[in-house]
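Chain by chain, the residues:
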Amino acid sequence: GVTGVQTCALPIFVLWRPSGTNNRKSKQQDHPSQWPLLAEMISKDLGTHELSALDHITNQMVFLYIGNVGKNINQLQNKPNKKNGFSRILGVVTVEFPREAYRMISLHERSLTPEKATLGIGIMWTHPIARHKGIATLLVHAARKHAIFGMQVSRHNVAFSSPTQAGYNFAINYYSNDNNTSSNRCDTSKGHNSRKNKEQSRNSNLRGPLVYEMNVL
């Protein structure tokens, strides 16, 4: 089902959860009507099979960024306007819970020693008209905060599935940027937590991001 994730301004994040096991094996699990087109766009950009992409986003927890694109991030809105038309899906992050992950040494090289990962980012995609506006970062923040009830996952316990070059660059930046400790402008964490996160960040910045193998694609 679909759930709104409240932010400090507009409710521009939407969380999709699969409906669970469907006993009617002859019928595919229901999904939003926009998803075949979304899967087509994702598969073209990431070089994956369209049906595999559709199956993945239908059966995983998905965080969506919905809005219109303005000249800057502050003009992203989730309401229709005469210039840009109605709201559209501008960003997608799918969430998995891998049993283990591996430390990336470079894009094509990783450690052979398994490590624990709390949260896995399966697909990370942003619409071409909305890239370089921080949407992917906001979506990963939302996944860390809302994927597991009552728990905010440390960014250093997030693993990424076999990233592209752009995804690898994002992961490196996400791990190393201290500003990513705060999930959004509404963050009310106290100074103690901030110091703790910064200390953890210094230790983790010496290592590459975690990577895991996704079950599909």
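Let me begin by describing the structure that accompanies this report. (Residues numbered from 1 in each chain as written. Predicted model: local features only at pLDDT ≥ 70, side-chain atom pairs only at ≥ 80, totals over all residues. Heavy atoms only, no water.)

Quick look at the pattern of salt bridges
Worth spelling out the cut-off: Whenever Lys or Arg places a side-chain nitrogen within 4 Å of a carboxyl oxygen from Asp or Glu, that contact is recorded as a salt bridge. Runs of E in the DSSP output that reach at least two residues are strands. Runs of H or I that reach at least four are helices, and both are numbered from the N terminus. Relative accessible area decides the class of each residue, using a 1.4 Å probe on protein chains only: under 20% of the type maximum gives buried, over 50% gives exposed, and in between gives partly exposed.
In the structure shown here, the tally under the stated rule is four salt bridges. Where Glu40 meets Lys44, a salt bridge forms, and the shortest distance between an N and an O atom there is 3.2 Å. Placement of the pair is Glu40 and Lys44 together in helix H1 (residues 35–46), with a separation of four residues, close to one helical turn. Given a relative accessible area of 27%, Glu40 falls into the partly exposed group. The closest approach of N and O atoms between Asp45 and Arg131, which form a salt bridge, is 2.6 Å. Of this pair, Asp45 sits in helix H1 while Arg131 is found in the loop between strand S7 (119–126) and helix H3 (135–146), placing the two residues 86 residues apart along the sequence. A relative accessible area of 39% means that Asp45 is categorised as partly exposed.

Quick look at the pairing of S7
Test applied: We treat two strands as partners when DSSP finds at least two bridges between them. Handedness of a crossover: with both strands directed away from the viewer, a clockwise path from the first strand across the helix to the second marks it as right-handed.
By the criterion of burial, S7 is predominantly enclosed, with seven of the eight residues buried. Note that strand S4 (residues 88–96) and S7 share five bridges and pair antiparallel. Bridge assignment links Val93 to a residue of S7, and that residue is Met124. Bridge count between S7 and strand S8 (residues 158–161): three bridges; the pairing is parallel. Residue pairing across strands places Leu119 opposite Val158, the latter belonging to S8. The parallel pair S7 and S8, bridged by H3, forms a crossover whose chirality is right-handed.

Considerations on helix H4 (residues 165–176)
Because the α-helix completes a turn every 3.6 residues, residues three or four places apart line up on one side. Worth spelling out the cut-off: Expected helix span is given by 1.5 Å per residue-to-residue step, counting one fewer step than there are residues. By definition, the arc is the one covered by directions from the helix axis to the C-beta atoms.
Between its first and last C-alpha atoms H4 spans 17 Å; for 12 residues at 1.5 Å apiece the expected length is 16 Å, and the two agree. Residues of H4 that are buried include every one of Gly167, Tyr168, Phe170, Ala171, Tyr174 and Tyr175, and no others. For H4, the buried positions fall inside an angular range of 160° around the axis, keeping them on one side.

Regarding unusual backbone geometry
Most peptide bonds take the trans configuration, and most residues that are not glycine carry a negative phi. Although it is not a glycine, His132 sits at a positive phi angle of roughly 65°. Tracing the sequence through the fold places His132 in the loop between S7 and H3. Residue His132 is classed as exposed on the basis of its relative accessible area of 86%. In this structure, Ser162 takes a positive phi of about 20° despite not being glycine. Here Ser162 lies in the loop between S8 and H4.

Quick word on the packing of aromatic side chains
Just so we agree on the cut-off: Pairing of aromatic side chains here covers Phe, Tyr and the six-membered ring of Trp, requires ring centres within 6.5 Å, and sorts the geometry by plane angle: under 30 degrees stacked, over 60 edge-to-face, intermediate tilted.
Summed over the entire model, instances satisfying the criterion amount to four aromatic pairs. Ring geometry for Trp16 and Trp35: centres 4.9 Å apart, planes at 65°, overall edge-to-face. Linking Trp16 in strand S2 (residues 13–16) with Trp35 in helix H1, this pair joins segments that are 19 residues apart in sequence. By the burial criterion, Trp16 is buried, and Trp35 matches it. For the ring pair Phe170 and Tyr174, a centre distance of 5.7 Å and an interplane angle of 20° mean the geometry is stacked. Residue Phe170 and its partner Tyr174 are both found in helix H4; the two are separated by four residues, about one turn of the helix. These aromatic residues form a ring-pair network of at least three members: Phe160, Phe170 and Tyr174.

Taken by themselves, the reported measurements are silent on function.
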